[in-house]
Amino acid sequence: MEDNRSLSNGNIKEFVDEIRGIIDQARNHAARSIDNTRVLMYWNIGKRIFEKEQQGKDRADYGSFLLRTLSKNLAPAYGSGFSVRQLEMCRQFYRTYPIANTLCSQLNWSQYKLLIAIPDKDKREYYQLEAVNEGWSKRQLERQINSMLYERLLMSNDKESVLAVARKERTPESPLEIIKDPMVLEFLGLEKNPAYYEKDLEGALISHIADFLLELGKGFSFVARQKRLLIEDDEYFADLVFYNRLLRSFVVVELKTHKLTHQDLGQLQLYVNYYDRYEKQPDENPTIGILLCTDKNDTAVRLSLPENNKTILASKYQLYLPTSDQLIEQINKVKRLADNQEK
């Protein structure tokens, strides 16, 4: 009787949750096993296609004939997963990853199809490593590639540093290694219209907080919205507050739907100083301030801040995915500014 009473008084829920955990873990493991088996299947198919093609290398049309014949015989029995296009990707998969044990069991075939479409080896390695490190889904990986995350990081970092962080050979030491300029907020679905207000932008970011954390980068967690700061008898409200576990710093984000002004920087500096003096623990690093704006004058930003400033950053945001030409133009602009600073 005592055992029955103990079960009915709450232990049964804990027991049921434990069993559910076992079932969920087994299902997740089974799904990963299926994905990994599928990846290896396509790799082996690509390997055999490549080897068979080499036997007919003197005939220019042999490879095309081989793929058409394979698809004609396989597709009726196994479905659209064995179309000519799919078989071409299998071949490309093997040629891109000729050593089977370099494949990552955490990635599925849909993710590998995105990766093999990237011709640059370093860029492909970066996205592969980060997809594993950050647990990106196929949709998240595709979004990061389309938003040109790698290229945006290179605007303020050298290639070796970016890859070293992805390889976990070093941890980021500066906000510039994590925070991107520009930030791409296409997931908000907002039109490029000067009529929307900062509260609309803030509300949209909160509604898409998971996507915004992905765009912010590695190590961010959400802390507060409209954080009330009481300074003597005056109230101030910081738009968004985050914490970055890699930099071990609070991150205060202010949103502006206009071109940055020096008054905006002064407001953000006030919030950063408040956090440094009243919120930051002694073993934590100085608070970082990010001012998200529609446009900015980089020279004015530098002149408005101390020469040794490392914690106040201004980042332009855009509500659409950048084109290659737009990003190249922005990269060249950053390089020109850097060259002028060195002179």
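Higher on the page you've got the structure.
The model shown is predicted, which means the values in this text are computed figures rather than measured ones.

K.L.:
Explanation requested: the side chain of Glu-177 in the structure shown.
P.N.:
Considering the arrangement of structural elements, one finds Glu-177 in the loop between α8 (159–166) and β1 (183–184). Residue classification places Glu-177 among the buried positions, given a relative accessible area of 18%. Polar contacts involving the side chain of Glu-177 include one to the main-chain amide nitrogen of Glu-173, which spans 3.0 Å. Ignoring anything within four residues of it in the chain, the contact list for Glu-177 reads Leu-153, Asn-157, Val-165, Arg-170 and Pro-172.

K.L.:
How should the pattern of salt bridges be read in this particular structure?
P.N.:
Close approach of charged atoms lets side chains of opposite charge pair. On inspection of all chains with the given rule, the structure shows 21 salt bridges. Note that Glu-151 is salt-bridged to Lys-123, the shortest N-O span being 2.7 Å. One end of the pair, Glu-151, is in helix α7 (residues 149–154); the other, Lys-123, is in helix α5 (residues 121–133), and 28 residues separate them in sequence. For Glu-151, a relative accessible area of 17% translates into the label buried. Using a relative accessible area of 19% as the deciding quantity, one classes Lys-123 as buried. In this structure, Glu-125 engages Arg-167 in a salt bridge whose closest nitrogen and oxygen atoms are separated by 2.8 Å. Of this pair, Glu-125 sits in helix α5 while Arg-167 is found in the loop between α8 and β1, placing the two residues 42 residues apart along the sequence. On the basis of relative accessibility, which here comes to 24%, the residue Glu-125 falls in the partly exposed class. With relative accessibility at 35%, the residue Arg-167 sits in the partly exposed group. Among the ionic contacts, a cluster of salt bridges with common partners joins Arg-143, Arg-152, Glu-186 and Glu-215.

K.L.:
Even after reading the chapter, I still don't get the nonpolar core, so can you show me in this structure?
P.N.:
It is characteristic of soluble globular proteins that their nonpolar side chains tend to be buried jointly. Phe-93, Tyr-112, Leu-115, Tyr-126, Tyr-127 and Leu-141 are the most contacted members of the largest nonpolar core, which has 37 residues in total. Residues in contact with Phe-93, not counting those within four places in the same chain, are Val-39, Tyr-42, Trp-43, Leu-103, Trp-109, Tyr-112 and Ile-116. Listed in part, the 25 residues of the second largest apolar core include Ile-179, Phe-220, Val-253 and Tyr-317.

Basis of the calculations
- Think of each chain on its own: its residues are numbered from 1, step by step along the sequence as written.
- Since the coordinates come from a predicted model, pLDDT governs what is reported: local features require at least 70, and pairs of side-chain atoms require 80 or more to be given and counted, while whole-chain, interface and lining totals use all residues.
- In computing side-chain properties, one takes all heavy atoms of the structure into account and sets aside hydrogens as well as water.
- The secondary structure listing takes helices from DSSP runs of H or I that are at least 4 residues long and strands from runs of E that are at least 2 residues long, numbered from the N terminus.
- Each residue gets one of three labels from its accessible area relative to the maximum for its type: buried under 20%, exposed over 50%, partly exposed in between, using a 1.4 Å probe on protein chains only.
- Two N or O atoms count as a polar contact when they lie within 3.5 Å, although within protein this holds only if one can serve as hydrogen donor and the other as acceptor, and sequence-adjacent residues are included solely when both atoms are side-chain atoms.
- Should any heavy atoms of two residues lie within 4.5 Å, those residues are considered in contact.
- Between Lys or Arg on one side and Asp or Glu on the other, a salt bridge is scored when a side-chain nitrogen of the former is within 4 Å of a carboxyl oxygen of the latter.
- For this analysis, a nonpolar core means a set of buried residues of the types Ala, Val, Leu, Ile, Met, Phe, Trp, Tyr and Cys, connected via side-chain atoms within 4.5 Å.

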